[in-house]
Amino acid sequence: MPAELLLPSPSVPVSRTAYWSRLLPPLAALACVTRIPSFTRPLWNPDEGYLAVQARLLAQGGELYETVVDRKPPLVPWLYEATFAVTGSGTLAGVRVLAVLAHLLTAALLASLARRRWGDRSGRTAGVLYLLISVGLNPEDAQAATFEAFVLPCTAAAMWCADRRRWGAAGTAVACAFLTKQTGGAVLLPVLWLYVASGARRGGLGRLVAGAVLPVLGAALATDPVGFVFWTVTGSGAYASLTGSELHVLARGSVNTTIVSVACAGLIAPVARARRAPTADLWLWLLASAGGVLLGLHFFGHYYLPLLPPAALLATAALRVLPYDRTVTAVLTSACVCVLFLTWGVLAPRTDLDHARRVAQAVSSRTAPGDAVLVWGIHPETYWLADRAPVTRYLTAGLLTNYSGGRDGGRVGERYAVRGAWTVFRREAVSAALVVDDSRGKPYGPERVRGLRRLLSAGYEEAGTVDGAVLYVRRG
């Protein structure tokens, strides 16, 4: 890979074709290198497992927001389903490749945006910086092919289109960001800022609104409109509350903020100078993304990913007016930190994955392929690894107890469940061929959840343990 492309140097402008033919190959190579850890294990976190199980159920005729539920919009479950139709549902390699392409597309859009505003060198700087810092989280957050990985190119596309006054396309990109994850819709704020600053005519606003609204309405109609609104907007009140877990959640936020700061060590000084440049829309993009981190009050590491594209552009804006050696320092610092995060990704322990595999093996050995089972825990990947269908639409105990928000015990229990969930759960769970209590001392265990105790006492008996998980089979 030519060093001059990774460490951009001043140069005369070149044609668009020549510019991109020289830049895209090294960006693609860098995107692949930074995602090497992604392919070293079958799963990185429960979100990937949840999406894999959802995709299987959808392929078997399940209906999103009815027989397959989650607090997320439909775009990524559909993406998993489509990928499984090509690659088979036994591997996530296909969606991992799509995640690499998503990061590459994000880098290319940022490079194009920076080049249009500040020239060829800035375009190269923005693309390279973004890819180097894009791995700057706990590997289970940075390397997973989940919602934030696919929301990034949507938000970058929204800003790219708005910068070119393509308001209908900008609105569509905003809609795609929202349909990937709700907080992706925050990019609408800097897009509106660009609209106002451009002095565009009213017709532009109409195209922007239509582009943002129509795809969302289409997605609602393609699923279940009432279920769509409930699961993506109105049904997460208990989940979004901080009450009862304040210190636990704030500690997580402090840790993840520190990790991201380390990843952006080469950018912090330039970004501090970016206020001197005309970058109000980029600062608004960064602040809107920070609002997405705050929304829900959980501060998971992957929530921080949308901060990285505007941070890379803000650093690029500052570096263009600083001596060239500052650009070299920023890129080299980011590259060194990137190597540290990649090493972490390769060497990261697999404790949760190994546990899920052992439980899945026990489930497979005690049930037939057509049996439906209940895994009471927060590891939906167990269903996927065991190749067994869940007996209920609620793939984790979190939806039935509110524990999925990473609580430490406060506001966890049946009364904090998704509204109406226990009525449905009682009807569905009684047909489970095997029940696995994988709570392992967590605050959603049977001793604290009366509904689960009743289910087990009514028709099941203990049949052993696997790595701390208790197995129950039908009595008689």
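Note that the coordinates shown come from a computational prediction; the quantities given were computed from them, not determined experimentally. (Residues numbered from 1 in each chain as written. Predicted model: local features only at pLDDT ≥ 70, side-chain atom pairs only at ≥ 80, totals over all residues. Heavy atoms only, no water.)

This paragraph deals with the overall build of the chain. Summing up its helical and strand segments, the chain has 22 helices and 5 strands in all. Scaling as 2.2 N^0.38, a compact globule of 476 residues should have a C-alpha radius of gyration of about 23 Å, and the chain matches this with 23 Å. Viewed in the frame of its principal axes, the chain has a C-alpha envelope of about 80 × 50 × 45 Å. Expressed as a percentage of the 476 residues in the chain, the buried residues total 57%. Here the contacts in the chain between residues at least 6 apart in sequence split such that 77% fall between residues at least 24 apart. Counting every atom, the chain has about 19,100 Å² of accessible surface; 62% of that belongs to carbon and sulfur. Within the chain, the 30 negative side-chain charges are centred at a point lying 10 Å from the centre of the 46 positive side-chain charges. (Helix = DSSP H or I, 4+ residues; strand = E, 2+ residues; numbered from the N terminus. Rg over C-alpha atoms; globule rule 2.2 N^0.38 Å. Buried < 20%, exposed > 50% of the residue type's maximum accessible area, 1.4 Å probe, protein only. Contact = heavy atoms within 4.5 Å. Areas by Shrake-Rupley, 256 points an atom, 1.4 Å probe, with all protein chains shown as cover. Lys, Arg positive; Asp, Glu negative; His and termini not counted. Charge placed at Lys NZ, Arg CZ, Asp CG, Glu CD.)

Taken together, Leu192, Leu205, Val209, Val213, Leu214 and Leu217 make up a surface patch of nonpolar side chains, about 480 Å² in accessible area. Ranked by residues supplied to the nonpolar patch, first place goes to helix α11 (residues 202-222) with 5 residues. Relative to the assigned elements, Leu217 resides in helix α11. For Leu217, a relative accessible area of 47% gives the class partly exposed. (Patch = residues over 30% accessible without salt bridge, like charges linked within 9 Å, V, L, I, M, F, W, Y side chains within 5 Å. Salt bridge = Lys/Arg side-chain N within 4 Å of Asp/Glu carboxyl O.)

In the predicted model, the chain carries a mean pLDDT of 91, and 93% of its residues have values of at least 70. Mean pLDDT per element in the chain: helix α1 (residues 3-6) is the minimum at 46, and helix α9 (residues 167-180) is the maximum at 98. Scored below 50 in pLDDT, residues 1-11 makes 27 contacts in the model with residues more than four places away or belonging to other chains. (pLDDT = per-residue confidence, 0-100.)

Once that is clear, we can look at the sheet that holds strand β2 (residues 389-390). Spatially, β2-β1-β3-β5-β4 is the arrangement adopted by the 5 strands of the open sheet, whose pairing is mixed. Because the sheet does not close on itself, it has two edges, and the strands there are β2 and β4 (460-466). By the bridge criterion, 4 bridges tie strand β1 (residues 372-376) to strand β3 (residues 434-437) in an arrangement that is parallel. In the sheet register, Trp376 faces β3, and the bridge partner there is Asp437. (Pairing = 2+ DSSP bridges.)

Where helix α2 (residues 16-34) contacts helix α6 (residues 120-133), the two axes come as close as 9 Å, and the packing angle between them is 10 degrees. Regarding the angle of α2 to α6, the classification is roughly parallel. From α2, Tyr19, Leu23, Leu27, Leu30, Ala31 and Thr34 reach across to α6, where they touch Asp120, Gly123, Arg124, Gly127, Val128, Leu131 and Leu132. Class assignment of the residues belonging to the contact of α2 with α6 gives a composition of 8 nonpolar, 3 polar and 2 charged. (Axes fitted to C-alpha atoms, helices over the stretch in contact; angles between N-to-C directions. Parallel < 35°, antiparallel > 145°, perpendicular 65-115°, else oblique. Nonpolar A, V, L, I, M, F, W, Y, C, P; charged D, E, K, R; others polar.)

Across all of its chains, the model carries 11 salt bridges by this definition. Here Arg393 makes a salt bridge to Glu428, at a shortest N to O gap of 2.8 Å. One end of the pair, Arg393, is in the loop between β2 and α20 (398-401); the other, Glu428, is in helix α21 (residues 421-429), with 35 residues separating them in the sequence. On the basis of relative accessible area, Glu428 is assigned to the buried category, the value being 15%. The salt bridge partner of Arg440 is Asp438, with a shortest N-O separation of 3.2 Å.

Residues Leu434 and Val436 point to one face of β3 and Val435 and Asp437 to the other, with burial holding for every one of them. Both β3 and strand β5 (residues 469-474) contribute to a ladder of 4 bridges, which runs antiparallel. What sits directly across from Asp437, in β5, is Val470.

With that settled, the discussion passes to the environment of Leu471. Of note, Leu471 is situated in strand β5. Leu471 gets classed as buried once you look at its relative accessible area, which sits at 2%. Residues Leu471 and Ala52, 419 residues apart in the sequence, show an inter-C-alpha distance of 23 Å. The residues contacting Leu471, other than those within four sequence positions of it, are Ala362, Arg366, Leu434, Val435, Val436, Glu461, Glu462, Ala463, Gly464 and Val466.

Taking 1.5 Å as the rise per residue, helix α8 (residues 147-163) with 17 residues should run 24 Å; its terminal C-alpha atoms sit 25 Å apart, in good agreement. With 17 of its 17 residues buried, α8 lies for the most part within the structure. Following α8 by one or two positions, Arg165 has its phi on the positive side, about 65 degrees. (Expected span 1.5 Å × (residues − 1).)

Within the element layout of this structure, Ser261 appears in helix α13 (residues 246-263). A C-alpha to C-alpha distance of 8.6 Å links Ser261 and Gly136, two positions 125 residues apart in sequence.

This paragraph deals with a positive patch on the surface. A grouping of Arg426, Arg450, Arg453 and Arg454 is seen on the molecular surface, where their side chains present a positively charged patch. Here the positive patch takes 3 residues from helix α22 (residues 450-459), the largest share from any one element. Relative to the elements of secondary structure, Arg426 occurs in helix α21. Under the relative-accessibility criterion, Arg426 is labelled partly exposed at 45%.

What follows deals with the nonpolar core. Within the largest apolar cluster, 74 residues are counted, with the highest numbers of intra-cluster contacts made by Tyr130, Met159, Val191, Tyr304 and Leu313. For this core, the element with the highest residue contribution is helix α5 (residues 93-118), accounting for 10 residues. Once residues within four sequence positions are removed from consideration, Tyr304 is found in contact with Leu137, Gly253, Asn256, Thr257, Val260, Val293 and Phe299. Within the second largest apolar cluster, 73 residues are counted, among which are Leu64, Phe150, Leu452 and Ala469. (Core = buried A, V, L, I, M, F, W, Y, C linked by side-chain atoms within 4.5 Å.)

Of all 5 residues that make up β1, 4 are buried, and the element is covered over most of its length. Relative to β2, β1 runs parallel, the two being bridged by 2 bridges. In the sheet register, Val373 faces β2, and the bridge partner there is Pro390.

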